[in-house]
Amino acid sequence: MPVEREKLVELYRTMLKIRLFEERVAEIYWEGKSPVFNIAADPIPGEMHLYIGEEAVATGVCAHLRPDDMVAGTHRSHGHYIAKGGDLKKLMAELFGKKTGLCQGKGGHMHLFDAGLHFGCGGIIGAGIPHAVGAALAFKMQGKDNVAVSFIGDGAANIGAFHESLNLAAIWKLPVVIVVEDNLYAISVPKSKSTAVKSNAERAAAYGIPGVLVDGMDVMAVYEAAGEAIARARRGEGPSLIECLCYRYRGHFEGDPQLYKPEGEEEEWRKKDPIPNFRAKLIREGILTEEEANKIQEEVAALVAEAEKFARESPWPEPEEALKHVFL
Amino acid sequence: MAERIISMYEAIAEAIAQEMERDPRVFVMGEDVGFYGGIFGATTGLWKKFGDERVRDTPISEMGFVGAAVGAALEGMRPIVEVMFVDFTGACFDQILNHMSKIQYMSGGQLKVPVVLMTAIGGGYNDAAQHSQCLYGLFAHLPGLKIVIPSTPYDAKGLMIQAIRDDNPVMYFFHKGLMGLPWMTIIEATWAPVPEEPYTIPFGVADIKREGKDVTVVAVAMMVHRALEAAQKLEKEGISVEVIDLRTLVPLDREAIINSVKKTHRLLVVDEDYLSYGMSGEIVAIVAENALEYLDAPPKRLAVPDVPIPYSNTLEDFVIPSADRIAEAIKELVS
Ligand SMILES: Cc1ncc(C[n+]2csc(CCOP(=O)(O)OP(=O)(O)O)c2C)c(N)n1
């Protein structure tokens, strides 16, 4: 089925939002950390895992989701949140640790929660998978046609929770989709050293559910595969697994010297960059003119600048607020 | 000969290398311990020296590889297994809680489990609730685990060699902020003289870091350094603080604590772990049981106030004890 123009433009805009947001985050992060890198330095302190290069995955999947569908992200989740329709201002303010942030400065970069958007993520590898399975169980028990999506890295597919969750989802026929982002590495460890299967899509067969491997640098390929899996889940036909082959252009975290990456590897993957390639395709196919594409770029850049301004100008939480929210 | 000054991560890696050379049963596994040398540097240089067979990068499978360390230990190997952050022991807690700590006992002493599980603890750099915990109190509560928490490079090396040679399971906690990593807030004490030759430090012997007569401060890891900083400040105000670094929680040097309190008559326990049901309560209980009549003031505890570690700087600084707050607490005790 042909995809409407509006949807295609939306896919482009979303990928760009993630890219420009994160490129700005990287600049701000390093702004506080030069000349001497100190991980605790403001304005954005702590670890920072960026999603740059992987935008097509979150975008292609979340384009099928409604606000009341559930997404369980990872430690690298700005992109998942933005693609789900997240609020850039609150996201940025959270990264700054401000009172106006998504979690009032308590969560930070790895622990983003937005109850209204049914979004959560965390820093413990694989721990989000059972959460998505449980959300899917809730949807089923409540008679809703919602779905839950769990994004994970290929590294996370080796943790026990992955296998237990897939099995549960399969036996209970739950409306959950597991999206594996294979960006070749788990920190420094290449996939070849952590699993004996070629693709995690193969593992789906072990649980009796469909598994597909798609090009994660091609937003349309992801969009189509996710569309099928999500529709299947909504129809009550059970879970599926999609593995997206992609690449993170930056280090595992900001400051990672990336000595484990072979020379020239990034250049090869740059040729497949999902964003300029999709833009060129939209222009080539007459979906967008050059001017329209530039205008989208400007609009998105303005949103990011607005988010940054909001974050910078927002107040800090009061220190005593640290004691709030253990119990409600 | 000039003393050689190295960082804590180098001291740990050197200890492991020397033991691997001495004993072919010793091997290392964990995430990114190979080529990368460990995220906190504790396995720097080992992979190059010993190769894939004895320095194994694992998949992200804590339950699997920590359990495998237990199994390998049961068959005569002496594994050192790194769980990158102590927070991630959640993913293998069963192996620690029900197996690593108990098999020796359940087997009536037939079997031993000489595993060293090393892991990073501590906050202070905004890594928030799932990457900043200490949790040693949780593990110290379980019978069967020895608990080691070095605060200096010298201790780190001696305690690591001791841990590897110990026939029991040992949990070895290193504080990220003390490792001497270039990307952390710099703490001078993380570089110190360390002898090149192997040496051991017995478990259960606390180190009196500073003698004093007005108040005893008991701490481990980063809080030792914060307490020393506070003590130094207070010296100018005429308050004499004794600082005790426990170095191991299990076994615990009860004598050192009791003797010090008998001398100073006041006790402050400073802990970067949570306040309730933990190390600080244990130490206060020991003093109450053994030296209550010596106390001139009720003992005090300064620890993380039973909340997860928050992200934002303003919030995190509020919950982790600082040198200033330690000094304040000491002043309250002596006033
Ligand atoms: C249970 C657990 N073990 C280890 C880690 C440390 N860690 C954080 S990210 C990461 C690699 C994750 O790789 P992958 O799942 O492929 O995701 P990617 O970072 O490539 O997006 C590791 C080992 C963790 N956060 N949680």
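Residues numbered from 1 in each chain as written. Chains lettered and ligands numbered in written order. Predicted model: local features only at pLDDT ≥ 70, side-chain atom pairs only at ≥ 80, totals over all residues. Heavy atoms only, no water.

Caption draft 1: Seen up close, the site of the ligand. Around the ligand sit 20 residues, and of these His75, Arg76, Gly123 and Gly155 of chain A together with Glu62 of chain B come closest. Neighbouring residues of the ligand are not confined to one chain but are distributed across chains A and B. Interatomic distance of 3.0 Å between a backbone N/O atom of Ile125 of chain A and a nitrogen atom of the ligand. Asp154 of chain A is positioned with one of its side-chain polar atoms (N or O) 3.1 Å from an oxygen atom of the ligand. If the ligand stood free it would expose 570 Å²; the protein chains cover 98% of that surface. (Near = heavy atom within 4 Å. Polar contact = N/O pair within 3.5 Å; in protein donor to acceptor, adjacent residues only side chain to side chain. Areas by Shrake-Rupley, 256 points an atom, 1.4 Å probe, with all protein chains shown as cover.)

Caption draft 2: Representation of the interface of chain B and chain A in the model. Counting from both sides, the interface comprises 39 residues of chain B and, opposite them, 49 residues of chain A. Surface buried jointly by chain B and chain A totals about 3300 Å² across both partners, of which 65% is contributed by carbon and sulfur atoms. Taken together, the links from chain B to chain A amount to two salt bridges. Residue Lys193 of chain A is joined to Asp57 of chain B by a salt bridge in which the shortest nitrogen-to-oxygen separation is 3.4 Å. Across the chain B-chain A interface, the total number found is 16 residue pairs in polar contact (both at pLDDT 80 or more). (Contact = heavy atoms within 4.5 Å. Buried area = accessible area lost by both parts, 1.4 Å probe. Salt bridge = Lys/Arg side-chain N within 4 Å of Asp/Glu carboxyl O.)

Caption draft 3: Region of the structure containing empty space enclosed by the protein. Under the criterion given, the structure shown has one cavity of 30 Å³ or more. Counted as a void, the largest cavity has a volume near 40 Å³. In this structure, the largest cavity is lined by Pro45, Gly46, Glu47, Gly107, Gly108, His109, Met110 and His111 of chain A together with Asn126, Asp127, Ala128 and Tyr311 of chain B. Counted by class, the lining of the largest cavity contains four nonpolar, six polar and two charged residues. (1 Å grid on protein atoms, 1.4 Å probe; cavity = no way out; pocket = protein on both sides within 12 Å on 5 of 7 lines; lining within 4 Å. Points joined across faces, edges and corners; volume = space filled by probe spheres on them. Nonpolar A, V, L, I, M, F, W, Y, C, P; charged D, E, K, R; others polar.)

Caption draft 4: Inspection of the packing of aromatic side chains at higher detail. Within this structure, the stated rule accounts for 16 aromatic pairs over all chains. Seen in terms of ring centroids, Tyr29 of chain A and Phe37 of chain A are 6.3 Å apart; in terms of plane orientation they differ by 55 degrees. Their pairing is tilted. Of the two residues, Tyr29 of chain A and Phe37 of chain A, neither departs from the other in class, the shared state being buried. Here Phe93 of chain B and Phe139 of chain B contribute two aromatic rings whose centre-to-centre distance is 5.7 Å and whose plane-to-plane angle is 80 degrees, an arrangement assigned as edge-to-face. Here the residue Phe93 of chain B occupies a position in helix α4 (residues 93–100), and Phe139 of chain B occupies one in helix α6 (residues 136–140), the gap between them amounting to 46 residues. For Phe93 of chain B, a relative accessible area of 25% corresponds to the partly exposed category. (Phe/Tyr/Trp six-rings, centres within 6.5 Å; stacked < 30°, edge-to-face > 60°. Buried < 20%, exposed > 50% of the residue type's maximum accessible area, 1.4 Å probe, protein only. Helix = DSSP H or I, 4+ residues; strand = E, 2+ residues; numbered from the N terminus.)

Caption draft 5: Looking closely at helix α12 (residues 323–334) of chain B. All names here are of chain B. For α12, built from 12 residues, the straight-helix expectation of 16 Å at 1.5 Å per residue is met to within 8% by its first-to-last C-alpha distance of 17 Å. The complete set of buried residues in α12 reads Ala323, Ile326, Ala327, Ala329, Ile330 and Leu333. Axial view of α12: buried residues confined to an arc of 160 degrees, hence all on one face. Where α12 is buried, its residues contact β10 (215–219), α8 (222–236), β11 (241–245), β13 (267–274) and β14 (300–304). (Expected span 1.5 Å × (residues − 1). Arc of directions from axis to C-beta.)

Caption draft 6: Highlighting the environment of Arg301 of chain B. Residue and element names in this part refer to chain B. Along the polypeptide, Arg301 turns up in strand β14. Overall, Arg301 belongs to the partly exposed group, its relative accessible area being 38%. Sequence separation between Arg301 and Leu268 is 33 residues; the distance between their C-alpha atoms is 5.6 Å. With residues up to four places along the chain from it excluded, the contact list for Arg301 reads Leu268, Val269, Leu275, Ser280, Gly281 and Val284. A distance of 3.2 Å separates a polar atom in the side chain of Arg301 from the backbone oxygen of Leu275. Reaching out from Arg301, the side chain makes a polar contact with the side chain of Ser280 at a distance of 3.2 Å.

That is the geometry; function is a separate question.
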